[in-house]
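# Structural description and commentary
The chain contents come next:
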Amino acid sequence: MTDKEEVEKIYTKDLRKGILPSKIKGRGANNSDSMDIDSSERYSGKGGEFHSLNDDGGDKVGEPLKSIEGWIIFVRNIQEEVQEPDLMDIFAEYGQIKNIHLNIDRRTGFTKGYALIEYEKRSEAEDAIKNGSGYELAGLKLSVDWAFITGNASLSSGVVSFKSNRKDKNNSNNSNNYRSNKGERRF
Amino acid sequence: MSDVDTKIELATDSAMDITSPENDNNKTTATATSSSETQTTEDILKTETQKQKDDFYLRYYVGHKGKYGHEFLEFEFRSGNKLRYANNSHYKSENLIRKEVCVSDGVISEIKKVILDSGIMLEDDKNWPEPDVVGKQELEIVFKDEHISFSTTKIGSLMDVEKSDDPEGLKVMFYLIQDLKCLVFSLIGLHFKIKPI
């Protein structure tokens, strides 16, 4: 097997589990890039410690997850001309809205089609999901769900690194190591 | 089968009959259970295979090395709906930001929709400007049986896009990245109550 063929087969094993696309498209598929910055350098030491809000792993997997200040729902299938006040009118019925993000499409300037809405209480968010799902707004039926859920206990287990399709390189002799312990902290 | 083997088999059977009068029933039950278990396992494997086929992965990186070290932004959606977000800078003793959260299926579906609508899977980076001293962008997506891994330089504005050899393709990348960053910043910003950048 040539190097190129081997590179085409390299991918996150835990993700693809052997079912791989036959070919990787793009120059990222080969290792010739002289400016390649290896992910092992990016996430070495404390740089590989990620903070999440369910570190204790006590919750069941797939349960709604409370954010720092409240409960966030994710609204989909929003018609492109719908604006923030339209959503506020509907979802304020279920509780006081603490935050709302209705992002726009950068190309068209219209609404992108989704929104994140934050409630203080879980019961309010649950009402919004129950009653908001299927609500017809500007000819489209809204789809409403939790934005965040509890993950596996392994979600934040120790040092992790971003995956890449490239082979790991030995960076032990890399002089461009900008990391120092100064100013770094574990979240 | 030799005579010895036959005798051993008969002896074993008779011994089982002596110790367990309901042996025949047990055998039947065991077979049924085994068959049922096999069926369930097959179903699970079938479902798992389908799930793997529909697996999804997205990673975006933008960064450079300069006066303040290696400054970069990277986010990744992995199997299990995990979103990982990293922002790195040593400017004025800035701290590293490393956040991780599990998002719902609805969020993943929306990201898939954004990707499909953008048409990025049909593009190729062969005519895009290569990474240089200004910096580097990487976009890696696995969606069903397609895998793209694009890299290019940082794009400052649409003027840079228009000047490139593939303005249409680069424009797709330019807008997709903005849309993805917008969604990720909303998710991270609301969940952790931090300014992502």
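As the structure is a computational prediction, the values presented were derived from the model and not from experiment.

Basis of the calculations
- Residues numbered from 1 in each chain as written.
- Chains lettered and ligands numbered in written order.
- Predicted model: local features only at pLDDT ≥ 70, side-chain atom pairs only at ≥ 80, totals over all residues.
- Heavy atoms only, no water.
- Helix = DSSP H or I, 4+ residues; strand = E, 2+ residues; numbered from the N terminus.
- Contact = heavy atoms within 4.5 Å.
- Areas by Shrake-Rupley, 256 points an atom, 1.4 Å probe, with all protein chains shown as cover.
- Core = buried A, V, L, I, M, F, W, Y, C linked by side-chain atoms within 4.5 Å.
- Buried < 20%, exposed > 50% of the residue type's maximum accessible area, 1.4 Å probe, protein only.
- Pairing = 2+ DSSP bridges.
- Polar contact = N/O pair within 3.5 Å; in protein donor to acceptor, adjacent residues only side chain to side chain.
- Axes fitted to C-alpha atoms, helices over the stretch in contact; angles between N-to-C directions.
- pLDDT = per-residue confidence, 0-100.

Counting its regular elements, chain B contains five helices and six strands. Of the regular secondary structure in chain B, the N- to C-terminal order runs α-α-β-β-β-β-α-β-β-α-α. Put simply, of all contacts in chain B between residues at least 6 apart along the chain, 47% involve residues at least 24 apart. Total accessible area computed for chain B in this model is approximately 9700 Å², and 54% of it derives from carbon and sulfur atoms.

Attention shifts here to the nonpolar core. B:Phe77, B:Ile120, B:Leu139 and B:Ile141 are the most contacted members of the largest nonpolar core, which totals 49 residues. Per element, the largest residue contribution to this core is 15 residues, and it comes from helix α5 (residues 167–192) of chain B. One finds A:Ile78, A:Ile97, A:Leu102 and A:Ala125 within the second-largest nonpolar core, a separate group that totals 22 residues.

Turning to the side chain of A:Glu118, a few remarks are in order. With respect to the helices and strands, A:Glu118 occurs in strand β4 (residues 114–119). Owing to a relative accessible area of 0%, A:Glu118 belongs among the buried residues under this scheme. In this view, A:Glu118 contacts A:Glu69, A:Gly70, A:Trp71, A:Ile72, A:Gln96, A:Ile97, A:Lys98, A:Asn99, B:Leu190 and B:Lys193; residues no more than four positions away in its chain are not counted.

Let us look at the pairing of β4(A). All names here are of chain A. Most of β4 is tucked away: six of the six residues are buried. Taking every second residue as pointing to the same face, both faces of β4 are buried, with Tyr114, Leu116 and Glu118 on one and Ala115, Ile117 and Tyr119 on the other. In this sheet, β4 lies alongside strand β2 (residues 71–76) in antiparallel orientation, the contact comprising six bridges. If you follow Phe74 over to β4, its bridge partner there is Leu116. In this structure, strand β3 (residues 97–101) lies alongside β4, joined through four bridges in antiparallel fashion. Bridge assignment links Asn99 to a residue of β4, and that residue is Glu118.

All right, on to unusual backbone geometry then. Glycine aside, negative phi is the norm for most residues, and most peptide bonds take the trans geometry. Of note in the backbone geometry, A:Asn77 takes a positive phi value of approximately 60 degrees without being a glycine. By relative accessible area, A:Asn77 is classed as partly exposed at 36%. In this structure, B:Asn81 takes a positive phi of about 60 degrees despite not being glycine. Topologically, B:Asn81 is positioned in the loop between β2 (69–78) and β3 (82–88). Note on B:Asn81: relative accessible area 15%, which makes it buried.

All names here are of chain B. Along the chain, the position of Gln137 falls in strand β5 (residues 136–143). Exposure remark for Gln137: the relative accessible area of 5% places this residue in the buried category. Side chain to side chain, Gln137 and Tyr60 meet in a polar contact 2.6 Å long. A polar atom in the side chain of Gln137 sits 3.0 Å from the backbone oxygen of Thr153. Residue contacts for Gln137: discarding those within four places in its chain leaves Tyr60, Tyr61, Val62, Phe150, Ser151, Thr152, Thr153, Lys154, Ile155, Met173 and Ile177.

If you walk across this open sheet you meet the four strands as β3-β4-β2-β7 (chain A), and the pairing is antiparallel. This sheet does not close on itself; its edge strands, each paired only once, are β3 and β7 (143–146) of chain A. Neighbour-to-neighbour, the strand axes of the sheet open up by a mean angle of 20 degrees, direction not taken into account. Most of the contacts of helix α5 (residues 122–132) of chain A go to β7(A), to which it runs at about 150 degrees, and overall it touches β2, β4 and β7 of chain A. Packing against the sheet, helix α3 (residues 105–118) of chain B makes contact with β2, β4 and β7 of chain A, and its axis sits at approximately 40 degrees to β2(A).

The next point concerns the confidence of the model for chain B. Residue and element names in this part refer to chain B. Residue-level pLDDT values for chain B average 77, and 68% of them are 70 or greater. Taken element by element, chain B is modelled with least confidence in helix α1 (residues 3–19), mean pLDDT 47, and with most confidence in α3, mean pLDDT 94. In this model, residues 7–37 is a region of pLDDT below 50 whose contacts with residues beyond four sequence positions or in other chains number four contacts.

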